[in-house]
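Descriptive analysis of the structure
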Amino acid sequence: MPKTHQLEPGRQIRLADCPTTAGTFHDNRKQAEKDFAKLRKKIALLQHRLYSEGKQSLLVVLQAMDAGGKDGTIRRVFEGVNPQGTRVTSFKVPSKEELAHDYLWRIHKAAPQRGMIGVFNRSHYEDVLVVRVEKIVPEAIWRRRYDEINTFEKHLSDNSTRILKFYLHISKSEQRERFQDRLDDPTKNWKFSLDDLEKRKLWNEYQAAYEDALNRCTTEWAPWFAIPADQKWYRNLAIARVLHATLVEMDPQFPASEDLESVVID
Ligand code: AMP
Ligand code: MG
């Protein structure tokens, strides 16, 4: 059974038709916050098992337009999990060394080892998003990347990594409000960059690139979720629900203890 907001392989979506608000999915913020707090605790307990088991890993990919809530999601959803069992990687403009390799090199290096939850703040999808819209490589090169990405993700999945990909879907007007907030609030100024406004001008091009990435890279082994993200309280709950359900499915077990009955501590 697909989870709420989960895309299905072969079924094309149009982002313009995907909701950015909680709408009919949820109308009670207080209840949502309570449910979220409970889920977060359950996620932390399951992560503890995952870490102790050391046999499988979970990769969470976060993508969004600027101010879409990637940082806030990481801060809130993973609050309370054991830092030792989690690794967050933020992918920026590739370094000289990274550019000297194929685009998946830096991604593969950051893939979570068994027992870990890996969180990607941006990811290999930038290589079919910003790279496509800004025409950083020719079309013939980015076009073939969708298949390459699917193959790469299959490889991870075949090697004990569960993959969940979240696109935080915000409206253009919500982005305006969040940018304005970053301008007005001195503690948020650092998050604002003039480059963000250049990207905003290319909103439609970015939406089209996202649409292709979601449609072409939704697979059985690495599904995309289009999360309504205008309201942070709903975004957090929706993501926590998927994480929790996935960890329950993964069913990590504490390792069976060896025969400890005869052990004596002097
Ligand atoms: P931020 O997430 O705000 O720190 O910004 C990181 C910046 O790095 C964004 O503008 C991304 O579009 C950019 N970026 C990430 N990956 C790539 C990539 N593979 N090629 C070009 N730019 C990238
Ligand atoms: Mg930014």
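It should be noted that the structure appears before, not after, this text.
Presented here is an overview of the structure given in this document. Just so it is clear, the structure is predicted and the values come from calculations on it, not from any experiment. (Residues numbered from 1 in each chain as written. Chains lettered and ligands numbered in written order. Predicted model: local features only at pLDDT ≥ 70, side-chain atom pairs only at ≥ 80, totals over all residues. Heavy atoms only, no water.)

As a further point, take the environment of Lys172. By secondary structure assignment, the location of Lys172 is in helix α7 (residues 172-184). Since its relative accessible area comes to 40%, Lys172 is described here as partly exposed. Residues Lys172 and Ala229, spaced 57 residues apart in sequence, show a C-alpha to C-alpha distance of 12 Å. Ignoring anything within four residues of it in the chain, the contact list for Lys172 reads Arg200 and Trp203. (Helix = DSSP H or I, 4+ residues; strand = E, 2+ residues; numbered from the N terminus. Buried < 20%, exposed > 50% of the residue type's maximum accessible area, 1.4 Å probe, protein only. Contact = heavy atoms within 4.5 Å.)

Looking at ligand 1, the residues that line it are Phe91, Lys92, Val93, Pro94, Arg106, Arg122, Glu126, Asp127, Val130, Val131 and Lys199. One of the backbone nitrogen or oxygen atoms of Val93 is found 3.2 Å away from an oxygen atom of ligand 1. Lys199 is positioned such that a nitrogen or oxygen atom in its side chain is 2.6 Å from an oxygen atom of ligand 1. Grouping the constituent residues of the shell around ligand 1 by class yields five nonpolar, no polar and six charged. (Near = heavy atom within 4 Å. Polar contact = N/O pair within 3.5 Å; in protein donor to acceptor, adjacent residues only side chain to side chain. Nonpolar A, V, L, I, M, F, W, Y, C, P; charged D, E, K, R; others polar.)

Bringing helix α8 (residues 194-201) into the picture now. Looking at α8, one finds that the buried residues are Asp196, Lys199 and Arg200. When α8 is viewed along its axis, its buried side chains cluster within an angular range of 105 degrees and face the same direction. The exposed set on the far side of α8, more than 90 degrees from its buried face, consists of Leu194 and Lys201. Elements in contact with the buried residues of α8: α5 (130-133), α7 and α9 (203-216). (Arc of directions from axis to C-beta.)

Turning our attention to the packing of helix α1 (residues 29-53) against helix α10 (residues 232-250). When two helices pack together, their arrangement is given by the angle between the helix axes and by the axis-to-axis distance. Where α1 contacts α10, the axes come no closer than 9 Å and their chain directions differ by 30 degrees. Handedness of the α1/α10 crossing: left-handed. Between α1 and α10, the contacting residues are Arg29, Ala32, Glu33, Asp35, Phe36, Leu39, Lys42, Ile43, Leu46 and Leu50 on the first element and Trp233, Asn236, Leu237, Ala240, Arg241, Leu243, His244, Leu247, Val248 and Met250 on the second. Of the residues in the contact of α1 with α10, the class split is 13 nonpolar, two polar and five charged. (Axes fitted to C-alpha atoms, helices over the stretch in contact; angles between N-to-C directions. Left-handed = near helix turned anticlockwise from the far one by under 90°.)

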